[in-house]
Amino acid sequence: MKYIALIYTAANSAPAYGSAEFGPYMASYNTASERFATDRVLVSAEALEESSTATTLRVRSGKVETMDGPFAESKEQLGGFYIFECPTLDEAIRYAAMIPGASVGAVEVRPIVDFSKLPA
Amino acid sequence: MAEAASIGESIGRLVRNDGGRLLANLISNLRDFQLAQDSLQDALESALHHWARNGLPDEPSAWLMRTARRKAIDRIRRAARFRSKSAELAALIELDSEPGPEPDLIPDERLGLIFTCCHPALDRRTSVALTLRSICGLTTEEIARAFVVTPDAMAQRLVRARHKITKAGIAYEVPGPEAWGERLDAVLGAIYLTFNEGYAASSDALLRPDLCEEAIRLCRVLLALRPDEPETEGLLALMLLHHARSPTRLDAGGVVVALEAQDRRRWDRARIAEGAALVETALRRFRPGPYQMQAAIAALHAEAPSFAETGWHEIALLYAGLFALQQNPVFELNRLVALSYVAGPEASLAELDGIAAPLAAYQPYHAVRADFLARSGRATEAEAAYDEAIRLAGTEAEQHFLRRKRGEAREQE
């Protein structure tokens, strides 16, 4: 089964670029990613630019409406994701817990729909 | 007619005693709660029909299992779910072609299913409902009544939980050693929540199924399936010891009776003996945990000849140990109560300030403070503290009890 681990963190919760803690924080991401690759559970992963760079859009009556900023006005914003291939939720949770962002924010684990397994 | 009724009774007994094991086995074969429940229901209806005509088969459980599997095959074929269920269908057909299973060859899958139902990724109360439905064999209507919600609302909650188990890939298995402790905690937590739900509801016991009994039964199943687990022993002991005192907890009018005023001769001695023996067995494994320690406290209360002759010093020490383990201020509050019977109320009163902030909205904190004040001869302050406790009380029975205590505050001056 494929699972996506969505990483939510508040604006100033992770070490800032240029601070003494930034290097080790990024290194911990590398360590985690390497572990996921070695264990052959990593499908893909990306980090996102900060949420102030986001644009939200809706199409209404055929017209595109855009808005500055992310869709949800919450303190914790989507900052990146991993996609894992794991047999059970327990395993997905075990790997998601290794994501450094889980220690400063929260990680939402969701199964990805497998369209080949849907009933006819 | 009489015979049909007795067949019905036999089936009812069978479901009660073995239904959980049959259902668990079906669920683990089918990986589908709803399909398993529907197929077992089909098999029971079929049994009512066939057994009334031909009498009980030699191995009723095996008969039900075989029939339920065939009903499942029919249902899968009818619903044209070949594509999503092809693996399960093949396995079922293979099982069906085997010679008739002996009843003791039906593997007991309940342990794995308990862990599935009580997975920490599910809502706690939903876990309780799902466990009662799948392991204890309570009907959706009975569970709805126990939780005072409509059957429709309970059915929806169960559907959502089963849906999440299937879609999120929650495994049907007993967790390995790396996750054992945490997952066992979730299971024990769900069982204790079931018990407390029953404990809180004991005043209208006639209307609601006895959740305390169900929780005890479930904990016994868990212990039988995985013996020598000290926290499971601790929880079973704790529930037995609490339940032993339940006949004296409320008076005829439904008002809470304080421990010191309870008639100890009416406590259930058999349950107390069993609970106390379990605590001893558990503690001798030298892997202490919160349920064992709470059970040890309950045993000290239950075995004390009177309120005054209770081992308050030991109880205070156990609460200190619990607080060290979990940092829950309620444990500290209880420690101070026990201490007040050893060293007097003034010392405890002085220490109470340390937990005032986290327990400001907790009714028992104010009731305890009022009691310390009254026993220290400070009646006016005691009355004010009782007023706060009464304001925070959740039930009529609690309010009534607190008002009576407030009325007695001046007598201790």
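From a predicted model like this one, the values you see are computed outputs, not experimental measurements. (Residues numbered from 1 in each chain as written. Chains lettered and ligands numbered in written order. Predicted model: local features only at pLDDT ≥ 70, side-chain atom pairs only at ≥ 80, totals over all residues.)

Colleague: Can you help me understand the overall build of chain B in this one?
Modeller: Along chain B, the regular secondary structure elements total 19 helices and zero strands. The principal-axis extent of the C-alpha atoms belonging to chain B is close to 80 × 50 × 35 Å. For chain B, restricting intrachain contacts to residue pairs at least 6 apart in sequence, the fraction spanning at least 24 positions comes to 64%. (Helix = DSSP H or I, 4+ residues; strand = E, 2+ residues; numbered from the N terminus. Contact = placed C-beta atoms within 7 Å.)

Colleague: Can you help me understand the confidence of the model for chain A in this one?
Modeller: Predicted coordinates in areas of low pLDDT are best not read in detail. Of the residues in chain A, 98% reach a pLDDT of 70 or more, and the chain-wide mean stands at 91. Looking across chain A, the model is least confident in strand β4 (residues 63–68) of chain A, with a mean pLDDT of 91, and most confident in strand β6 (residues 106–111) of chain A, with 96. (pLDDT = per-residue confidence, 0-100.)

Colleague: Sorry if this is basic, but what is going on with the sheet that holds strand β2 (residues 42–47) of chain A here?
Modeller: Within a sheet, neighbouring strands are paired by backbone hydrogen bonds and run either parallel or antiparallel to one another. All names here are of chain A. Spatially, β2-β5-β1-β6 is the arrangement adopted by the four strands of the open sheet, whose pairing is antiparallel. Each edge of the open sheet carries a strand with a single partner, namely β2 and β6. Pairs of neighbouring strands in the sheet enclose a mean axial angle of 20°, with direction left out of account. Sheet topology note: the β2/strand β5 (residues 76–85) ladder contains five bridges and is antiparallel. Residue pairing for β5: A47 is matched across the bridge by G80. Packing of helix α2 (residues 89–96) onto the sheet brings it into contact with β1 (2–10), β5 and β6, and relative to β6 it is tilted by some 150°. (Pairing = 2+ DSSP bridges. Axes fitted to C-alpha atoms, helices over the stretch in contact; angles between N-to-C directions.)

Colleague: Where do I start with unusual backbone geometry in this structure?
Modeller: Peptide bonds are mostly trans, and most non-glycine residues show a negative phi. Residues and elements named next belong to chain B. Here V148, not a glycine, exhibits a phi torsion of approximately 55°, which is positive. Topologically, V148 is positioned in the loop between α7 (140–146) and α8 (151–168). Although it is not a glycine, D228 sits at a positive phi angle of roughly 65°. Locating D228 in the fold gives a position in the loop between α10 (211–225) and α11 (230–244).

Colleague: Help me out: how do you make sense of the packing of helix α18 (residues 379–392) of chain B against helix α19 (residues 396–408) of chain B in this one?
Modeller: Think of two packed helices as two axes; the pair is described by the angle between the axes and how far apart they sit. Residue and element names in this part refer to chain B. Their axes nearest at 9 Å, the elements α18 and α19 cross at an angle of 175°. As judged from the angle between their axes, α18 and α19 are roughly antiparallel. Contacts from E383, Y386, A389 and I390 in α18 reach Q399, L402, R403, K405 and R406 in α19. Among the residues forming the contact of α18 with α19, the class breakdown is four nonpolar, one polar and four charged. (Parallel < 35°, antiparallel > 145°, perpendicular 65-115°, else oblique. Nonpolar A, V, L, I, M, F, W, Y, C, P; charged D, E, K, R; others polar.)

Colleague: Looking at this model, I keep getting lost on the packing of helix α15 (residues 329–343) of chain B against helix α16 (residues 345–352) of chain B. Mind explaining?
Modeller: Residues and elements named next belong to chain B. Packing of α15 against α16 brings their axes to within 7 Å, and their N-to-C directions diverge by 150°. Comparing their axes, α16 and α15 come out roughly antiparallel. Contacts from L336, L339, S340 and A343 in α15 reach P345, A347, S348, E351 and L352 in α16. When the residues that make up the contact of α15 with α16 are grouped by side-chain class, the tally is six nonpolar, two polar and one charged.

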